[in-house]
Amino acid sequence: MQTTATSAFPTRNTVIPFGPQHPVLPEPLQLRLVLEDERVVEALPAIGYCHRGLEKIAEKKDFIQNVYLVERICGICSFMHSLTYCQGIEELMKVDVPSRAKHLRVVWAELHRMHSHLLFLGLVSDAFGFENLFMQLWRVREHILEIMEKTAGARIMLSVCSIGGVRRDLDDGQMAEVLRVLDRVEHELEEILPTLMNDYSVRQRLCGVGLLSPDKAHDLGAVGPTARASGIPMDHRQTGYAAYGDLGGVTPVTETAGDCYARIMIRVRELHQSAEFVRKAIQKIPAGPIAVPVKGNPDGEVLVRMEQPRGELIFYIKGNGTRNLERFRARTPTFANLPALLHMLPGCQLADVPVIILSIDPCISCTER
Amino acid sequence: MSAIAKSPWVVHFNCSSCNGCDIEFLACLTPFYDVERLGILHVGNPKHADVLVVTGSVNHRTARVLKNVYDMIPSPKVVVAMGVCSSSGGIFAEGYNVLGGIDKVIPVDVFVPGCPARPEAMLDGILKAAAILDRKAREGTGVATVSAAKPVINLVPLAADAAPAPAAP
Ligand code: SF4
């Protein structure tokens, strides 16, 4: 405990550590919260608990082995990482990916986004003390994991994206199954989500908490749902990578309030958007090969960006004509959202801290790699 | 079977994992797999727990925290290493700051393979741990602290770590 004299009356500030082992965080993030009574004055992050030196390991491994390595940057959006990496290498090696593979990539990417958003909605419900909702949302999420296992062979680490295409094809039966599961998920969500959206106590905990104004969101470089909840229409799927260009483009989902409730609403609405994308991709999928053979080694440098469930992901890849990369660098969305989080925390009540932290959907494994 | 093994309380610590194993462990709690039907309860405070579930490899920064969390759990206690990362370091074993599996820092009773381990395998691991817990409780073993049980490798105290206690407030 330390004493500071900010006015005529000396106030007593308490510093409490939040994490690294904390019930609401599945991950080791540590924040030192400076409190004045119950009000947070300042939040100081102490990161590095999850650092695994992944960028350095990527230089030691073959560039094809790296597809499996980058998937393990984060288990929640593993497919997104391998997709970004493959797109980068394909750009370097000027590989033309078959259209069918691009559509299949959209199917898995959007299924991943749905499972990630459901996971987030469940965790945030748990953070404001609604355990029942957490259980129900995760029950629905199991349907998506199940269909991922049926189509790609694994629940979490799909390992289905490869340089030059994808490794598995879907037959008509599997596609019909995906559509059936989507209908079922949406039907079950219709029963659960109104509670999250309209319940009096939920709104009490979320509305007006953790405000982020559009200007601040822009200045602090917030990305993804955090920026969109503050009214910034930014979504990298608009650039039309993979098959998004052929599927009629993307209109970013935005909200204007910039509070925790808005950030949750973005995810709720994006669930339906993602389901629509899967449906469209399956409808429009062309026949043809799912991968092209790739020869040679990557040479030159490239910067790839794409939209992850949490925001914009940037990979920098530099090859030097050998099997090993010269440099691999990842800038993940939570890293970009941390300054915005540290701006939201001061002034809030201690009891709101877990909700605010979770409202940016932090992924510490990504951030610290 | 002693009462403790019929309802083991589990605390989860993410050492430095990729999240894959963590979300699979959380999936064990939810209605589809539902560990609670087997009497297993997930708690947030290590002081209430009997079983420590660790995911992810251990690095220089988490080694101290892991050791502290382990020491905080009352004896008898068992440790379950979930996934290949916590068993051997897995894909991150060659990372420059990764020490390897968690058995470098604390004694481990059950290793669950898989990357990520499947929820069924995790349930099986926890049930195996409960049997070991039962044996330890009846034999009165498993009371040794980590310092006595394992020569801990060179845990350099980091300046930033020195001040606050690392566990949940
Ligand atoms: S074992 Fe695999 S899924 Fe689990 S933490 Fe390690 S890399 Fe991630």
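Residues numbered from 1 in each chain as written. Chains lettered and ligands numbered in written order. Predicted model: local features only at pLDDT ≥ 70, side-chain atom pairs only at ≥ 80, totals over all residues. Heavy atoms only, no water.

Q: Looking at this structure, how should I read the overall build of chain A?
A: Helices and strands together make up the secondary structure of chain A, namely 13 helices and 9 strands. Each of the three principal axes of chain A carries a C-alpha extent, and together these read 75 × 50 × 35 Å. A buried classification covers 63% of the 369 residues belonging to chain A. Within the structure as shown, chain A displays about 13300 Å² of accessible surface, and the carbon and sulfur contribution to it stands at 51%. Charge-centre separation for chain A: the mean point of 41 positive side chains lies 5 Å from the mean point of 44 negative side chains. (Helix = DSSP H or I, 4+ residues; strand = E, 2+ residues; numbered from the N terminus. Buried < 20%, exposed > 50% of the residue type's maximum accessible area, 1.4 Å probe, protein only. Areas by Shrake-Rupley, 256 points an atom, 1.4 Å probe, with all protein chains shown as cover. Lys, Arg positive; Asp, Glu negative; His and termini not counted. Charge placed at Lys NZ, Arg CZ, Asp CG, Glu CD.)

Q: When you look at the sheet that holds strand β9 (residues 325-331) of chain A in this model, what are you seeing that I'm missing?
A: Strand-to-strand pairing in sheets goes through backbone hydrogen bonds, with the strands running parallel or antiparallel. Residues and elements named next belong to chain A. Here 3 strands make up an open sheet; going across it, the order is β7-β8-β9 and the pairing antiparallel. What marks the edges here is a single partner per strand, and that holds for β7 (299-308) and β9. Here the strands of the sheet are splayed against their neighbours by 10 degrees on average, with no regard to which way each runs. Strand direction decides the pairing type here: β7 and strand β8 (residues 311-320), joined by 10 bridges, are antiparallel. In the sheet register, E307 faces β8, and the bridge partner there is E312. Where helix α3 (residues 78-93) meets the sheet, it contacts β7, β8 and β9, and its direction lies at approximately 145 degrees from that of β7. (Pairing = 2+ DSSP bridges. Axes fitted to C-alpha atoms, helices over the stretch in contact; angles between N-to-C directions. Contact = heavy atoms within 4.5 Å.)

Q: Would you explain the interface of chain A and chain B in this entry?
A: How large an interface is tends to be reported as the accessible area lost when its parts come together. Taken together, the contact pairs 48 residues of chain A with 46 residues of chain B. Interface area, chain A with chain B, both sides summed: about 3800 Å², of which 62% is carbon and sulfur. The interface formed by chain A and chain B contains 3 salt bridges. Put simply, chain A and chain B have 10 residue pairs in polar contact (both at pLDDT 80 or more) between them. Counting only elements with at least two residues in the side of chain A that touches chain B, the list comes to β3 (30-36), α1 (54-60), α2 (66-71), α4 (99-127) and α5 (131-152) of chain A. The dominant element in the side of chain A that touches chain B, judged by the number of residues it contributes, is α5(A), at 9 residues. For the side of chain A that touches chain B, a count of residues per class yields 25 nonpolar, 10 polar and 13 charged. (Buried area = accessible area lost by both parts, 1.4 Å probe. Salt bridge = Lys/Arg side-chain N within 4 Å of Asp/Glu carboxyl O. Polar contact = N/O pair within 3.5 Å; in protein donor to acceptor, adjacent residues only side chain to side chain. Nonpolar A, V, L, I, M, F, W, Y, C, P; charged D, E, K, R; others polar.)

Q: Help me understand the side chain of A:E55 in this model?
A: All names here are of chain A. Of note, E55 is situated in helix α1. At 3.2 Å, the side chain of E55 and the backbone nitrogen of A330 are in polar contact. In contact with E55, not counting residues within four places along its chain, are R327, F328, R329, A330 and R369.

Q: What is the right way to look at the packing of aromatic side chains in this model?
A: Aromatic rings in a pair are described by how distant their centres are and how their planes are angled relative to each other. Counted under the stated rule, the structure contains 6 aromatic pairs over all chains. With centroids separated by 5.3 Å and ring planes inclined at 55 degrees, the aromatic side chains of A:F134 and A:W138 adopt a geometry described as tilted. In this pair, A:F134 and A:W138 are both assigned in helix α5, 4 residues apart and thus about one turn of the helix distant. When sorted by exposure, A:F134 lands in the same class as A:W138, which is buried. Ring geometry for A:F315 versus A:F328: centroids 5.0 Å apart, planes at 75 degrees, classification edge-to-face. Of this pair, A:F315 sits in strand β8 while A:F328 sits in strand β9, placing them 13 residues apart in sequence. Of the two residues, A:F315 and A:F328, neither departs from the other in class, the shared state being buried. Taken together, A:Y85, A:F315 and A:F328 form an aromatic cluster joined through their ring pairs. The aromatic ring of B:F92 is capped on one face by A:R52, whose charged end is 4.7 Å from the ring centroid. (Phe/Tyr/Trp six-rings, centres within 6.5 Å; stacked < 30°, edge-to-face > 60°. Lys NZ or Arg CZ within 6 Å of the ring centre and 35° of its normal.)

Q: Whenever I open this one, the packing of helix α6 (residues 172-198) of chain A against helix α10 (residues 260-284) of chain A confuses me. Can you help?
A: Between two packed helices, both the angle of their axes relative to each other and the distance between the axes serve to describe the pair. Residue and element names in this part refer to chain A. Where α6 contacts α10, the two axes come as close as 10 Å, and the packing angle between them is 160 degrees. It follows that α6 is roughly antiparallel to α10 by the angle criterion. Handedness of the α6/α10 crossing: left-handed. Touching M175, V178, L179, L182, D183, E186, L189, L193, L196 and M197 of α6 are Y261, I264, M265, V268, L271, H272, A275, V278, R279 and I282, all from α10. By residue class, the composition of the contact of α6 with α10 is 16 nonpolar, 1 polar and 3 charged. (Parallel < 35°, antiparallel > 145°, perpendicular 65-115°, else oblique. Left-handed = near helix turned anticlockwise from the far one by under 90°.)

Q: Would you mind showing me how to read the sheet that holds strand β3 (residues 51-56) of chain B here?
A: Residue and element names in this part refer to chain B. As summarised here, the arrangement of the 5 strands in space is β2-β1-β3-β5-β7, forming an open sheet in which the pairing is parallel. Of all strands in the sheet, those with a lone pairing partner are β2 (41-43) and β7 (110-112), marking the two edges. Direction aside, neighbouring strands of the sheet carry axes that sit 30 degrees apart on average. Pairing of β3 with strand β5 (residues 78-82) involves 5 bridges; the strand directions are parallel.

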